[in-house]
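For reference, the chains in residue letters:
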Amino acid sequence: MPRIINFYYLCTRKEGNLQKNTQSVKIKVILEALEHFAPLPLQESWDNAGLQVGLTETDASGALLCLDVNEDIVDEAIEKGCNLIVSHHPLLFRGLKQVSDANYVQRIVMKAVKNDIAIISMHTNMDNAKNGVNYKIAEKLGLTDVRFLDTKQGVTPECGSGVIGEFVSGMDAEAFIMKVKETFGCGCVMTNEPLQRGIKRVAICGGAGAFLLDEAVKTNADAFITGEMHYHEYFDHEQEIQIAVIGHYESEHFTTEIFRDIIASVCPCLRTEIATTNTNPIRYY
């Protein structure tokens, strides 16, 4: 996995001697590893990735990995004995003027602090990082020759928005849509009319990725997968590109596997748990 600094000695050192399998690792070590993989300057200007709540000098007892932070997630962390939550979507986007029980964000902050739980979020910096969120989506689909769809100038040699890759063998539109639906466990896939040519080259942007649809067309992608799009954005692409909108949660919930792999690579002594709480607020009937 690229750009991972070797923090192993930090989670295995004890009184100057290297010791394997010790359970002592500071939360700051995990934070540094995550930010090394996906530096905070890669995040969009409106975002608020990084440390959300808590103290980083505390020893980590375990890390609960999730897409969103809600009250059930904090309860799951407490139940599993994890004093660190790592999420994709930030809990805090705006400054808090009070901390009370007025809304769910404030209640989560209070509960986390009361239970000595730190919360770290890696959002658009993880979207824009090499081998980040969109690379994981491509991996799940089995795409090859994966590269950024829209490259950027950044603090790392390679960063950008979205990815594009190819299937080893093409498939028809219906088979493609069913593959996407099964891979990501979608309640439904929202598409435009089925493409009447084979689908081999696929562009991807997890979450709200409609801003990359035109770029996908320019790069001759046969299909474009994203989490959500507005109604009018489906128009004027008939037989030009196969649009597949799979849901915001569905497109990004495998991000927890990236967190797990980063933490395991730098601190294999730390217990990680992928959350079993489904935080998707959308239901399909």
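In what follows, the structure referred to is the one given above.
Residues numbered from 1 in each chain as written. Predicted model: local features only at pLDDT ≥ 70, side-chain atom pairs only at ≥ 80, totals over all residues. Heavy atoms only, no water.

J.: I would appreciate a short explanation of empty space enclosed by the protein in the present structure.
T.: A probe as big as a water molecule, rolled over the atoms, marks out the empty space that is left. In this structure the tally under the stated criterion is one cavity of 30 Å³ or more. The space that makes up the largest cavity amounts to roughly 30 Å³. Contributing to the lining of the largest cavity are Val133, Lys136, Ile137, Phe184, Ser251, Glu252, Phe254 and Thr255. The set of elements that each furnish at least two residues to the lining of the largest cavity consists of helix 6 (133-141) and helix 9 (248-252). Examining the composition of the lining of the largest cavity, we find that three residues originate from one element, helix 6, more than from any other. Classifying every residue of the lining of the largest cavity gives four nonpolar, two polar and two charged. (1 Å grid on protein atoms, 1.4 Å probe; cavity = no way out; pocket = protein on both sides within 12 Å on 5 of 7 lines; lining within 4 Å. Points joined across faces, edges and corners; volume = space filled by probe spheres on them. Helix = DSSP H or I, 4+ residues; strand = E, 2+ residues; numbered from the N terminus. Nonpolar A, V, L, I, M, F, W, Y, C, P; charged D, E, K, R; others polar.)

J.: Just to check I follow, could you spell out the packing of helix 3 (residues 71-80) against helix 4 (residues 104-114) for this structure?
T.: To describe two helices that pack against each other, one gives the angle between their axes and the distance between the axes. It is the contact of helix 3 with helix 4, at a shortest axis distance of 9 Å, that shows an interaxial angle of 15°. Classified by the angle their axes make, helix 3 and helix 4 are roughly parallel. Between helix 3 and helix 4 the crossing geometry is left-handed. Residues Glu71, Val74, Asp75 and Ile78 of helix 3 lie in contact with helix 4, whose contacting residues are Tyr104, Arg107, Ile108, Lys111 and Ala112. (Axes fitted to C-alpha atoms, helices over the stretch in contact; angles between N-to-C directions. Parallel < 35°, antiparallel > 145°, perpendicular 65-115°, else oblique. Left-handed = near helix turned anticlockwise from the far one by under 90°. Contact = heavy atoms within 4.5 Å.)

J.: Which parts of the structure should I look at to understand a nonpolar patch on the surface?
T.: A cluster of nonpolar residues, Leu96, Val99 and Met110, forms a patch on the protein surface that exposes about 240 Å² of accessible area. Assignment of secondary structure puts Val99 in the loop between strand 5 (84-87) and helix 4. Taking relative accessible area as the criterion, Val99 reaches 48% and is therefore assigned partly exposed. (Patch = residues over 30% accessible without salt bridge, like charges linked within 9 Å, V, L, I, M, F, W, Y side chains within 5 Å. Areas by Shrake-Rupley, 256 points an atom, 1.4 Å probe, with all protein chains shown as cover. Salt bridge = Lys/Arg side-chain N within 4 Å of Asp/Glu carboxyl O. Buried < 20%, exposed > 50% of the residue type's maximum accessible area, 1.4 Å probe, protein only.)

J.: Help me out: how do you make sense of the nonpolar core in this one?
T.: The tendency in soluble globular proteins is for nonpolar side chains to be buried side by side. Residues Met126, Phe176, Val202, Ile204 and Ile225 are the most contacted members of the largest nonpolar core, which totals 55 residues. Here this core takes seven residues from helix 2 (residues 27-37), the largest share from any one element. Not counting the four nearest positions on each side in its chain, Val202 is found in contact with Leu143, Val163, Ile164, Gly165, Phe167, Phe176, Ala223 and Ile225. Val53, Cys66, Leu92 and Ile119 belong to the second largest nonpolar core, which has 18 residues in total. (Core = buried A, V, L, I, M, F, W, Y, C linked by side-chain atoms within 4.5 Å.)

J.: I keep staring at the side chain of His237 and nothing clicks. Help me out?
T.: Assignment of secondary structure puts His237 in the loop between strand 11 (223-226) and strand 12 (242-245). Here His237 falls in the buried class, since its relative accessible area comes to 10%. In contact with His237, not counting residues within four places along its chain, are Asn192, Leu213, Asp214, Val217 and Ile243.

J.: Looking at this model, I keep getting lost on the sheet that holds strand 4 (residues 63-66). Mind explaining?
T.: Whenever strands of a sheet pair, they do so through backbone hydrogen bonds, lying parallel or antiparallel. Strand order in the open sheet made by the five strands is 3-6-5-4-13, with mixed pairing throughout. A strand with exactly one partner marks an edge of an open sheet, and here the two such strands are strand 3 (50-53) and strand 13 (272-274). Strand after strand, the sheet turns through a mean of 25° between neighbouring axes, direction not considered. Both strand 4 and strand 13 contribute to a ladder of three bridges, which runs parallel. Bridge assignment links Leu65 to a residue of strand 13, and that residue is Ile274. In the packing of helix 3 onto the sheet, the strands contacted are strand 4, strand 5 and strand 13, and the crossing angle to strand 4 comes to about 150°. (Pairing = 2+ DSSP bridges.)

J.: What is the right way to look at the layout of surface pockets in this model?
T.: By volume, the largest pocket amounts to about 470 Å³. Lining the largest pocket are 24 residues, with Asp68, Val69, His89, Pro90 and Tyr104 positioned closest to its centre. At the level of secondary structure, the elements contributing two or more residues to the lining of the largest pocket comprise helix 4 and helix 9. No other element matches helix 4, which puts three residues into the lining of the largest pocket. Of the residues in the lining of the largest pocket, the class split is 12 nonpolar, nine polar and three charged. Considering the residues around the second largest pocket, the lining is formed by 18 residues, among which Trp46, Thr124, Asp127, Ala208 and Phe211 are closest to the centre. Taken together, the elements giving at least two residues each to the lining of the second largest pocket come down to helix 5 (124-127), strand 8 (160-171) and helix 9.

J.: I keep staring at the packing of aromatic side chains and nothing clicks. Help me out?
T.: The geometry of an aromatic ring pair is captured by two quantities: the separation of the ring centres and the angle between the planes. Throughout the structure, instances matching the rule amount to five aromatic pairs. Centre to centre, the rings of Tyr135 and Phe148 are 5.3 Å apart; their planes meet at 85°, and the pair counts as edge-to-face. Here Phe148 lies in strand 7 (residues 144-151) and Tyr135 lies in helix 6, a separation of 13 residues in the sequence. Accessibility assignment for this pair places Tyr135 and Phe148 in one class, buried. Here the aromatic rings of Phe167 and Phe176 are separated by 6.3 Å at their centres, their planes lie at 75°, and the arrangement is edge-to-face. Overall, the relative accessible area of 0% leaves Phe176 in the buried class. Directly above the aromatic system of Phe254 lies the positively charged group of Lys140, at a separation of 4.4 Å from the ring centroid. (Phe/Tyr/Trp six-rings, centres within 6.5 Å; stacked < 30°, edge-to-face > 60°. Lys NZ or Arg CZ within 6 Å of the ring centre and 35° of its normal.)

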